[in-house]
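Inside the fold
The primary structure of each chain is shown beneath.
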Protein chains: 2
Amino acid sequence: MIKIGIVGYGNLARGVECALKHDPDMTLAAVFTRRDPGAVKIQTPNVPVLPLEDAPLWKDRIDVMILCAGSATDLPKMTPALAKDFNVIDSFDTHANIPAHFAAVDAAASESGHIAFISVGWDPGLFSLNRLYASAILPNGKDYTFWGKGVSQGHSDAVRRLPGVIDCRQYTIPVAEAMERVRKGEMPQLTTREKHTRYCYVVAEEGADKAKIEEAIKTMPNYFADYDTTVEFITMEQMKQDHSGLPHGGSVIRSGITGWEGENRQTIEFSLKLDSNPQFTASVLVACARAAVKMRERGATGCKTMFDAAPADLSPMSREEMLAHML
Amino acid sequence: MIKIGIVGYGNLARGVECALKHDPDMTLAAVFTRRDPGAVKIQTPNVPVLPLEDAPLWKDRIDVMILCAGSATDLPKMTPALAKDFNVIDSFDTHANIPAHFAAVDAAASESGHIAFISVGWDPGLFSLNRLYASAILPNGKDYTFWGKGVSQGHSDAVRRLPGVIDCRQYTIPVAEAMERVRKGEMPQLTTREKHTRYCYVVAEEGADKAKIEEAIKTMPNYFADYDTTVEFITMEQMKQDHSGLPHGGSVIRSGITGWEGENRQTIEFSLKLDSNPQFTASVLVACARAAVKMRERGATGCKTMFDAAPADLSPMSREEMLAHML
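Numbers given to residues run from 1 along each chain, matching the order in which its sequence is written. In the order they appear in the text, chains get letters beginning with A and ligands get numbers beginning with 1. Local features in a predicted model are, by the rule used here, given only for residues with pLDDT of at least 70; side-chain atom pairs are given and counted only at 80 or more, and totals for whole chains, interfaces and linings are based on all residues. Side-chain descriptors were evaluated using all non-hydrogen atoms of the structure, hydrogens and water having been removed beforehand.

**Comments concerning the overall build of chain A**
Scanning chain A from terminus to terminus reveals 12 helices and 14 strands. Referenced to the eigenvectors of the C-alpha coordinate spread, the extents of chain A come out at roughly 65 × 55 × 35 Å. Only protein chains enter the accessibility calculation, which uses a 1.4 Å probe. A residue is then buried if its area is under 20% of the maximum for its type, exposed if over 50%, and partly exposed in between. Evaluated residue by residue, chain A yields a buried proportion of 57% over its 327 residues. Contacts between residues were defined by any pair of non-hydrogen atoms, one from each residue, lying within 4.5 Å. A sequence separation of at least 24 residues applies to 68% of the contacts in chain A between residues at least 6 apart. Accessibility throughout is a Shrake-Rupley quantity obtained with a 1.4 Å probe, and a residue counts as covered only by protein chains that appear here. Element-wise, carbon and sulfur atoms account for 49% of the exposed surface of chain A, whose accessible area totals about 13,600 Å². Counted charges follow a simple rule, with Lys and Arg positive, Asp and Glu negative, and His plus the chain ends left uncounted. A single reference atom marks each charge: NZ on Lys, CZ on Arg, CG on Asp, CD on Glu. In chain A, the 35 positive side-chain charges and the 41 negative ones have mean positions that sit 1 Å from each other. We count a stretch as a helix when DSSP gives it H or I for four or more residues in a row; a strand needs E for two or more, and each element gets its number in order from the N terminus.

Next up, the structure:
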């Protein structure tokens with residue numbers, strides 16, 4: 001049994017807790033929190049909730065610590081710190097800062113002799129490794145990533161911070177025509193606006209200037225200015241009834257050409273359609289925890305990504321089962 | 001530069017030769033054939049074509065030998081034999097015999113200190129590893145493999161052997177309704193007949209009994225009896241004009257459920273759409289040759305499959321490039 005610790009207890013952590021229930025080779029050992037442990041009620045019976053600062057006391061009782069915390073400020077400090085005592089998994093997803101995060105985590109994990117997987121999930125994660133496989137197989141090609149239809153939490157939060165806004169759910173929607181052109185192997189040049197549209201459901205304060213809110217959303221730099229955005233005002237009741245889930249998904253498509261004259265088009269597509277983004281991401285984290293244990297047993301240390309784990313390492317199957325049933 | 005040898009010179013081997021042209025880190029060293037080498041004309045200038053029995057003389061001049069031969073009778077002997085002197089890659093695709101082939105190749109490669117990848121391609125190969133990833137991530141689910149629309153060479157050959165038949169091209173076609181049900185996460189039980197249909201374009205001898213040929217095809221056990229099959233007789237001119245390519249493709253779809261009450265459906269799909277099946281398979285073989293070299297340099301020996309290669313090992317990119325651009 002692989003003994004798992006969880007740091008944090010938000011949506012992602014609850015997804016990890018639930019995923020562990022389905023895995024016969026793993027068990028939840030403890031949950032660590034920066035909040036008052038007494039105020040955190042978890043689902044699994046007989047598992048302690050402890051203050052994060054007690055984590056080092058558990059270093060011999062946990063095989064892998066799964067870090068369910070934010071990429072903006074938490075993980076850059078937390079992952080290297082916990083890699084001193086544990087094998088760790090995080091879902092660091094600030095793409096631009098991955099090289100720096102990798103370096104910091106690699107230094108800590110290499111020195112302590114642990115293994116630390118960063119940027120695990122679906123993007124970064126499964127989408128990344130599909131981009132890598134596809135580019136290795138079709139060097140003469142071009143790849144495209146489409147996200148959605150799904151809820152972008154970062155964009156929803158950005159709207160929520162506007163004056164007069166009580167709540168927002170922002171859906172990222174891929175442009176169907178653009179996807180069709182890519183799937184046909186046209187290899188088009190696509191602008192940001194041509195690939196995705198954005199749709200915001202907004203609950204406004206009573207008496208708020210809705211036209212002003214809509215304008216503020218549509219012109220928000222980085223988040224919305226480069227997209228065709230639709231804003232729809234709804235009531236809090238509608239929000240709760242129709243938008244309580246966190247669905248997401250998307251596709252990575254690479255099309256390339258082969259042949260002496262470049263006469264053949266070859267298209268590789270990997271797609272996800274997820275009712276629950278955090279529960280799916282959690283499922284990937286848990287599979288990578290298994291890989292971490294297997295790789296550490298073979299002597300690997302330092303920082304790793306999903307690029308470094310052989311597919312077999314993520315699976316609980318024996319080699320014989322894989323050869324007979326999966327190959 | 002990774003020095004590649006090719007055994008055989010059929011469609012797959014020509015695909016390998018062509019793929020090497022696109023890879024800046026690989027070069028073709030020699031082609032080995034069981035035919036008269038003088039009768040084999042290859043595309044690459046200044047590369048020798050040699051009798052297969054001379055291969056051992058090249059053991060120090062070739063990093064990886066890619067075996068482009070048949071699974072029925074050639075590879076079961078050829079792969080273990082060549083693994084005595086070379087790192088090898090094959091595309092052995094008789095699913096039921098993979099465990100026995102693995103054992104024979106592993107014994108030879110382990111003893112000689114080489115690395116031998118078997119069953120590389122898309123199915124077995126990329127489809128297999130997508131089945132493995134998806135089952136590791138969504139243990140509570142069910143997966144489906146659909147093939148086509150594409151030419152099945154085994155089925156085409158089976159029809160060609162019937163009396164009165166000059167030529168045949170057999171297309172395997174997935175049933176769109178079945179795929180839609182799977183994509184929606186219904187997890188249906190599907191019979192063989194419900195998943196795929198078969199379509200045969202047949203050129204018959206002049207005066208042949210077409211009704212008898214059609215009956216013989218539709219009732220052929222293993223190949224057609226369990227499917228809804230359509231037979232269409234065409235002329236040799238139509239065959240050459242409309243059916244000279246070898247397109248193929250398909251999808252691996254796993255849908256699973258997550259959540260404490262199993263309330264969320266999650267669907268993972270991997271699809272290929274290929275103008276040229278042999279050229280694409282060749283592209284996968286070449287990427288795995290790169291992985292073989294990297295893994296052998298780290299000390300690995302014995303028989304491997306795509307389950308054992310980390311995605312990073314297939315790519316020519318440096319770690320820095322992967323972290324910055326692919327993750």
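**A closer look at the sheet that holds strand β9 (residues 165–174) of chain A**
Residue and element names in this part refer to chain A. Strands are labelled as partners when DSSP assigns at least two bridges between them. Taken together, the four strands give an open sheet; going across it, the order is β8-β9-β10-β11, and neighbouring strands pair in mixed fashion. Lying at the two open borders of the sheet, with one neighbouring strand each, are β8 (150–151) and β11 (228–233). Here β9 pairs with strand β10 (residues 196–204) via nine bridges, running antiparallel. By the bridge assignment for β10, Q170 is matched with C200.

**With respect to the interface of chain A and chain B**
Contact with chain A, which involves 69 residues of that partner, is made by 69 residues of chain B. Contact between chain A and chain B buries roughly 6,200 Å² in total, counting both sides, with carbon and sulfur atoms accounting for 63%. Reported buried area values correspond to the accessible surface (1.4 Å probe) lost by two parts on association, with both partners' losses combined. When the buried surface of chain A facing chain B is broken down by residue, W260, M326 and L327 of chain A rank first, second and third, together holding 14% of it. Think of a salt bridge as a Lys or Arg side-chain nitrogen and an Asp or Glu carboxyl oxygen that are within 4 Å of each other. Our enumeration of links across chain A and chain B arrives at two salt bridges. A salt bridge links R319 of chain B to D308 of chain A, with the shortest nitrogen-to-oxygen separation between them at 3.2 Å. The term polar contact refers here to a pair of N or O atoms within 3.5 Å; inside protein, the definition further demands a hydrogen-donor-capable atom paired with an acceptor-capable atom, and it admits residues adjacent in sequence only when both atoms are side-chain atoms. Counting every contact that joins chain A to chain B gives 29 residue pairs in polar contact (both at pLDDT 80 or more). The element contributing the most residues to the side of chain A that touches chain B is strand β13 (residues 264–274) of chain A, with 11 residues.

**Focus: the pattern of salt bridges**
Throughout the structure, instances matching the rule amount to 34 salt bridges over all chains. Between D157 of chain A and R160 of chain A there is a salt bridge, with its nearest N and O atoms 2.3 Å apart. Of the two residues, D157 of chain A and R160 of chain A both sit in helix α5 (residues 153–160), three residues apart, roughly one turn of that helix. Overall, the relative accessible area of 33% leaves D157 of chain A in the partly exposed class. Across the pair D85 of chain B and K59 of chain B runs a salt bridge, and its minimum N-O distance is 3.5 Å. With a gap of 26 residues between them, D85 of chain B in the loop between α2 (75–82) and β5 (87–89) and K59 of chain B in the loop between β3 (49–51) and β4 (64–67) connect regions that are remote in the sequence.

**Concerning the environment of G185 of chain B**
All names here are of chain B. Secondary-structure assignment places G185 in the loop between α6 (176–183) and α7 (192–195). Along the chain, G185 and I253 lie 68 residues apart, while their C-alpha atoms are 9.5 Å from each other. In this structure G185 touches S255 and R265, once residues within four positions along its chain are discounted.

**Focus on the relation of the copies chain A and chain B**
Two chain copies here: they are related by a rotation about an axis and a translation along the same axis. Copy-to-copy superposition: least squares on the C-alpha atoms, limited to residues that have pLDDT of at least 70 in both copies. When chain A is fitted to chain B, the residual RMSD is 0.0 Å, and the transformation amounts to a turn of 180° plus an axial shift of 0.0 Å. In short, the pair behaves as if placed about a two-fold rotation axis. Both copies share a contact surface, since 100% of the interface residues of chain A are interface residues in chain B too.

**Brief notes about the packing of helix α1 (residues 11–22) of chain A against helix α10 (residues 277–297) of chain A**
Residue and element names in this part refer to chain A. Between α1 and α10, whose axes approach to 8 Å, the crossing angle comes to 60°. As summarised for this structure, α1 and α10 are arranged oblique, according to the angle between their axes. α10 is crossed by α1, and the crossing has right-handed handedness. Touching N11, L12, G15, V16, A19 and L20 of α1 are P278, Q279, T281, A282, S283, L285 and V286, all from α10. Interaxial angle, 0 to 180 degrees, is taken between N-to-C directions of lines fitted to C-alpha atoms, where a helix line uses only the stretch in contact. Roughly parallel refers to an angle under 35 degrees, roughly antiparallel to one over 145, roughly perpendicular to one between 65 and 115, and oblique to any angle outside these ranges. Crossing handedness follows the turn of the near helix against the far one: under a right angle anticlockwise gives a left-handed crossing, and clockwise gives a right-handed one.

**Topic: α6 of chain B**
All names here are of chain B. Listed in full, the buried residues belonging to α6 are A178, M179 and V182. Buried residues of α6 fall within an arc of 100° about the axis and therefore sit on the same side. Here the buried face of α6 lies against β7 (141–147), β9 (165–174), α7, β12 (248–258) and β13 (264–274). Note on α6: the residue one or two positions beyond its end, G185, has a positive phi of about 85°. This arc describes the spread of directions from the helix axis toward the C-beta atoms.

**Observations concerning the packing of helix α4 (residues 126–137) of chain A against helix α4 (residues 126–137) of chain B**
At a minimum axis separation of 13 Å, α4 of chain A and α4 of chain B run at an interaxial angle of 170°. Put simply, α4 of chain A runs roughly antiparallel to α4 of chain B. Counted together, L126, L129, N130, Y133 and I137 of chain A of α4 of chain A and L126, L129, N130, Y133 and I137 of chain B of α4 of chain B form the full contact between these two elements. Class assignment for the residues of the contact of α4 of chain A with α4 of chain B results in eight nonpolar, two polar and no charged. Lys, Arg, Asp and Glu make up the charged group, whereas Ala, Val, Leu, Ile, Met, Phe, Trp, Tyr, Cys and Pro make up the nonpolar group; the residues left over, Gly among them, are polar.

Geometric values such as these leave the question of function open.
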